[in-house]
Amino acid sequence: MPSVFETSSTAIPILFVTKSSWDQVAEQLPPQQRQFVTACAFTAKPGAYLALPAPDGAVAQVLFGLEDEGARSRDLFRPGALPGLLPPGTYRFANAPHDVRLAALAFALGCYRFARYRKADRPDVRLVPPDGVDAAGIERIADAAMFARDLINTPSNDMGPDELAAAAQALAAEFGASFACTIGAELEKHFPLIHAVGMASSRAPRLIDIGWGDPAHPKVTLVGKGVCFDTGGLDLKPSSGMLIMKKDMGGAANVLALARMVMDAKLKVRLRVLIPAVENAVAGNAFRPLDIFTSRKGITVEIGNTDAEGRLVLADALALADEEKPELLIDLGTLTGAARVALGPDLPPFYTNDEALAADVARCAAKENDPLWRMPLWPPYDAWLDSKAATITNAPSGGFAGSITCALFLQRFVEHAGSWLHVDIYGWTPSAKPARPEGGECQAARAIYTLLSERYA
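Nothing here was measured: the structure is a model prediction, and the numbers come from that model.

1. Some remarks on the sheet that holds strand E3 (residues 59-65)
Then step 1. Ordered in space as E2-E3-E1-E4-E5, the 5 strands form an open sheet in which the pairing is mixed. A single partner strand is all that each edge strand has here, and the edge strands are strand E2 (49-53) and strand E5 (125-127). With strand direction ignored, the average angle separating the axes of adjacent strands in the sheet is 30°.
Then step 2. Strand direction decides the pairing type here: strand E4 (residues 89-93) and E5, joined by 3 bridges, are parallel. For Thr90, the partnering residue across the bridge sits in E5 and is Arg126.
Then step 3. Sheet contacts for helix H2 (residues 31-39): E2 and E3; angle to E2, the most-contacted strand, approximately 145°.
Then step 4. Sitting on the sheet, helix H3 (residues 100-109) touches strand E1 (12-17), E4 and E5, and the angle it makes with E5 is about 160°.

2. Quick notes on the environment of Pro396
Then step 1. In this structure, Pro396 sits in the loop between strand E16 (392-393) and helix H13 (402-411).
Then step 2. Contacts of Pro396, omitting those with residues within four sequence positions, involve Trp384, Leu385 and Thr405.

3. Section: the domain arrangement of the chain
Then step 1. On domain assignment, one finds that the chain holds domain 1 (12-133) and domain 2 (140-456).
Then step 2. Distance between the C-alpha centres of domain 1 and domain 2: 37 Å.
Then step 3. The interface is formed by 18 residues belonging to domain 1 together with 18 residues belonging to domain 2.
Then step 4. Of the roughly 1600 Å² buried between domain 1 and domain 2 on both sides combined, carbon and sulfur atoms contribute 61%.
Then step 5. Of all residues in domain 1, Phe77, Leu109 and Tyr112 give up the largest surface area on contact with domain 2, accounting jointly for 39% of the area buried on that side.
Then step 6. In this assembly, domain 1 and domain 2 are joined by 3 salt bridges.
Then step 7. At the boundary of domain 1 and domain 2, one finds 6 residue pairs in polar contact (both at pLDDT 80 or more).
Then step 8. Grouping the amino acids of the side of domain 1 that touches domain 2 by side-chain chemistry returns 11 nonpolar, 2 polar and 5 charged.

4. A word on the UniProt feature "domain: Cytosol aminopeptidase" (unreviewed entry) in the chain
Then step 1. UniProt's entry tags residues 305-312 with the feature "domain: Cytosol aminopeptidase" (unreviewed entry), counted in the numbering of this structure.
Then step 2. Along residues 305-312 the backbone is 38% helical and 0% strand, and the end-to-end C-alpha distance reaches 11 Å.

5. Structural notes on helix H5 (residues 161-174)
Then step 1. The end-to-end C-alpha distance of H5, which contains 14 residues, comes to 20 Å, matching closely the 20 Å that a straight helix rising 1.5 Å per residue would cover.
Then step 2. Residues of H5 that are buried include every one of Pro161, Leu164, Ala165, Ala167, Ala168, Leu171 and Ala172, and no others. The arc that holds the buried residues of H5, viewed along the axis, is 160°, so those residues lie on one side.
Then step 3. On the buried face of H5, the contacting elements are helix H4 (135-153), strand E6 (178-183), strand E7 (206-212), strand E9 (226-230), helix H9 (250-265) and strand E10 (270-280).
Then step 4. Backbone geometry just downstream of H5 places Gly176 in the positive-phi region, at approximately 70°.

The rules behind these values
- Residues numbered from 1 in each chain as written.
- Predicted model: local features only at pLDDT ≥ 70, side-chain atom pairs only at ≥ 80, totals over all residues.
- Heavy atoms only, no water.
- Pairing = 2+ DSSP bridges.
- Helix = DSSP H or I, 4+ residues; strand = E, 2+ residues; numbered from the N terminus.
- Axes fitted to C-alpha atoms, helices over the stretch in contact; angles between N-to-C directions.
- Contact = heavy atoms within 4.5 Å.
- Domains from an automatic or database assignment.
- Buried area = accessible area lost by both parts, 1.4 Å probe.
- Salt bridge = Lys/Arg side-chain N within 4 Å of Asp/Glu carboxyl O.
- Polar contact = N/O pair within 3.5 Å; in protein donor to acceptor, adjacent residues only side chain to side chain.
- Nonpolar A, V, L, I, M, F, W, Y, C, P; charged D, E, K, R; others polar.
- UniProt positions renumbered as here; feature names shortened; annotations may be inferred.
- Expected span 1.5 Å × (residues − 1).
- Buried < 20%, exposed > 50% of the residue type's maximum accessible area, 1.4 Å probe, protein only.
- Arc of directions from axis to C-beta.

In structure tokens form, the structure reads like this:
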């Protein structure tokens, strides 16, 4: 991505104002600008924007409204709306927004446009890096987030298992990482659940495997759900539920974005990335309700619902990851509607039994404005996974606590890792917000990257 940052001695100042500070700021404006502000009926409400003219007609400075300091709710990404409002040019922050670093990141993220299939010019604006802000670090995060958005926004006809593998391979090549792909008979033999979910598609399922870093460094493994389209299988989704299922590989997109950040920052980890890439399709050979498969770990799984396929493909990948006994094992997936019902699209739940890890995740999520909310691996619900015909079912009856039972299902396949973190993301912004356009979204990756940076710098 072209850099959003630029040094310039003639950058146009952006003055952040609030309702409580506005009267004092207005008094300090030159008389002509003050008159212009009055004529435009500008108020310093959050998101309000006004470009003030210089005597020669050029833009002298920009006013932009933020929430008051003590406001109950503040959007720290609100400055991310600026790239879509500003005329072409180079700008600087004339005063400090609520969080200077997050404002600069939001500005960078707000420049994103998905332009693969139609003209969508990226805003022709640049920002002088604020003092004390690591511009290279911000661009590392922003570029990775845009990479994830591009992958998720690409429709499934151009983002099937093969194309997802190609994107992963290109990323591996960029950073000198190893790349392998298990497919066909080998996949069926060693990863039966991944094969079962993807076998009905004309596009072959596979397990993507990336390795990077010094083998002597602590092992960190990322696992991402790569369901490139989810029809629901024979338990077919209604058309409304299928409409944005191109995003069902959002877990894979986000672990690839996270891996990009880690490798670009050269963190001191032995990184492994595992992505089960499949399409959950409908055909005569599709897996069926009440079918039973023996997983890689040897646990037999009865299919309670073919639309609970994400946990199946993650289970085999987690089992492989766990065999290597990583210090930290993290999985991300667009898994349950129950998580959305409980917490909505913007606040993914996370699960772990590691109290120190949970505290670090919550702190880093708040620090990065990448919201996450801890939910419990509630032991009494584990019995709900019991099956009369197999070890466990992938979809307990009753419908209660769907995100929790999914996490408990995955926990069955993690035994040897030092710590395990599971995040049930949505991977999508339903309606545009500052720095977050409608469409595919990078969720949890920024928070986790911050955590890894603190631990393995």
